[in-house]
Amino acid sequence: MESNHTPIIYWSLLKYKDWNFHMASTSKGLCYVGSQNKPFEEMSEWAMKCFSGSPLIEDIEKNQRYAAEIIEYLEGKRTTFTVPFDYNGTAFQLAVWNALCEIPYGHTKSYSGIANDINKPSAVRAVGTAIGANPILITVPCHRVVGKNGSLTGYRGGIEMKTQLLDLERRGSSSNE
């Protein structure tokens with residue numbers, strides 16, 4: 001992102017069945033998917049930190065294509081995402097977030113597995129921190145990362161949301177086989 005350019009953040013509230021979360025995009029792509037049932041402040045605080053000075057403008061139409069793919073995913077009709085992302089993070093965070101996108105639908109990977117994938121096998125804690133900073137829940141599938149023993153560990157959206165997403169994928173991947 002150019003230092004003299006402040007992108008407009010277009011946000012909307014996605015409501016689909018029991019799902020209810022804020023999402024945001026820039027002209028470059030999807031940049032934020034929030035936690036289940038969290039207030040607008042979760043997104044506005046993230047925007048102030050990561051896109052300081054950018055105006056937040058509600059625009060359901062600008063987010064329609066992102067919402068459509070997320071809804072298809074929640075319906076079990078989509079296993080991968082084709083929309084562009086506008087990540088805003090350090091080189092290390094970007095490496096971790098890109099590695100998350102390589103975890104196949106219906107599968108999980110450990111934090112140490114991600115650390116190995118990015119050739120930083122001793123950086124397991126830093127990987128965990130980068131995963132925790134992932135701004136784009138669901139589409140950048142940090143819910144697919146579990147403890148080495150398979151336990152469900154922390155998740156920005158909460159363990160309940162993580163469990164729902166993994167269950168959805170488990171059902172979807174077993175019906176696709």
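- The protein chain appears in an unreviewed UniProt entry as Methylated-DNA--[protein]-cysteine S-methyltransferase from Viridibacillus soli.

1. Structural notes on the UniProt feature "domain: Methylguanine DNA methyltransferase ribonuclease-like" (unreviewed entry) in the protein chain
- When the UniProt feature table is mapped to this numbering, "domain: Methylguanine DNA methyltransferase ribonuclease-like" (unreviewed entry) covers residues 9-87.
- Within the segment residues 9-87, helix and strand shares are 28% and 28% respectively, and the terminal C-alpha atoms sit 13 Å apart.

2. Some thoughts on the pairing of strand β3 (residues 30-33)
- Bridge count for strand β2 (residues 19-25) against β3 is three bridges, and the pairing is antiparallel. Within β3, the residue paired with alanine 24 across the bridge is tyrosine 32.
- Linking β2 to β3, which pair antiparallel, is a turn of four residues; within it glycine 29 sits at a positive phi near 155°.

3. As for the packing of helix α3 (residues 91-100) against helix α5 (residues 124-132)
- Interhelical geometry of α3 versus α5 gives an angle of 80° and a closest axis separation of 9 Å. Here α5 runs roughly perpendicular to α3, going by the angle between their axes. Where α3 abuts α5, its residues Phe92, Gln93, Val96, Trp97 and Leu100 lie against Ala126, Val127, Ala130 and Ile131.
- Taken together, the residues of the contact of α3 with α5 sort by class into eight nonpolar, one polar and no charged.

4. Some thoughts on the pattern of salt bridges
- Enumeration according to the criterion identifies seven salt bridges in this entry.
- A salt bridge links aspartate 117 to lysine 109, with the nearest nitrogen and oxygen atoms 2.5 Å apart.
- In the salt-bridge network here, residues are joined through shared partners; they are Glu69, Glu72 and Arg78.

5. A word on helix α1 (residues 40-50)
- Among all positions of α1, only Glu42, Met43, Ser44, Trp46 and Ala47 are buried.
- Along its buried surface, α1 packs onto β1 (9-16), β2, β3 and β4 (56-58).

Conventions we followed
Just so you know, the residues in each chain are numbered from 1, in the order the chain's sequence is written. It should be noted that, the model being predicted, local features are given only for residues of pLDDT at least 70 and side-chain atom pairs only at 80 or more, the latter also being counted only at that level, while totals for whole chains, interfaces and linings use all residues. Only hydrogens and water are set aside when side-chain values are computed; all heavy atoms of the structure are taken into account. UniProt positions are given in the numbering used here, feature names are shortened, and annotations may be inferred rather than shown by experiment. Counting from the N terminus, the helices are the DSSP runs of H or I reaching at least four residues and the strands are the DSSP runs of E reaching at least two. The pairing criterion is simple: DSSP has to find at least two bridges between the two strands. Working convention: axes come from line fits to C-alpha atoms, limited for helices to the stretch in contact. Angles between N-to-C directions cover 0 to 180 degrees. Comment on the angle field: the value is read as roughly parallel under 35 degrees, roughly antiparallel over 145, roughly perpendicular from 65 to 115, and oblique elsewhere. In this analysis, two residues are considered to be in contact whenever any of their non-hydrogen atoms come within 4.5 Å of each other. When residues are sorted by character, Ala, Val, Leu, Ile, Met, Phe, Trp, Tyr, Cys and Pro go into the nonpolar class, Asp, Glu, Lys and Arg into the charged class, and all the rest, Gly among them, into the polar class. Between Lys or Arg on one side and Asp or Glu on the other, a salt bridge is scored when a side-chain nitrogen of the former is within 4 Å of a carboxyl oxygen of the latter. Buried, partly exposed and exposed residues are distinguished by accessible area as a fraction of the type maximum, computed with a 1.4 Å probe on protein chains only: under 20%, between the cut-offs, and over 50%, respectively.

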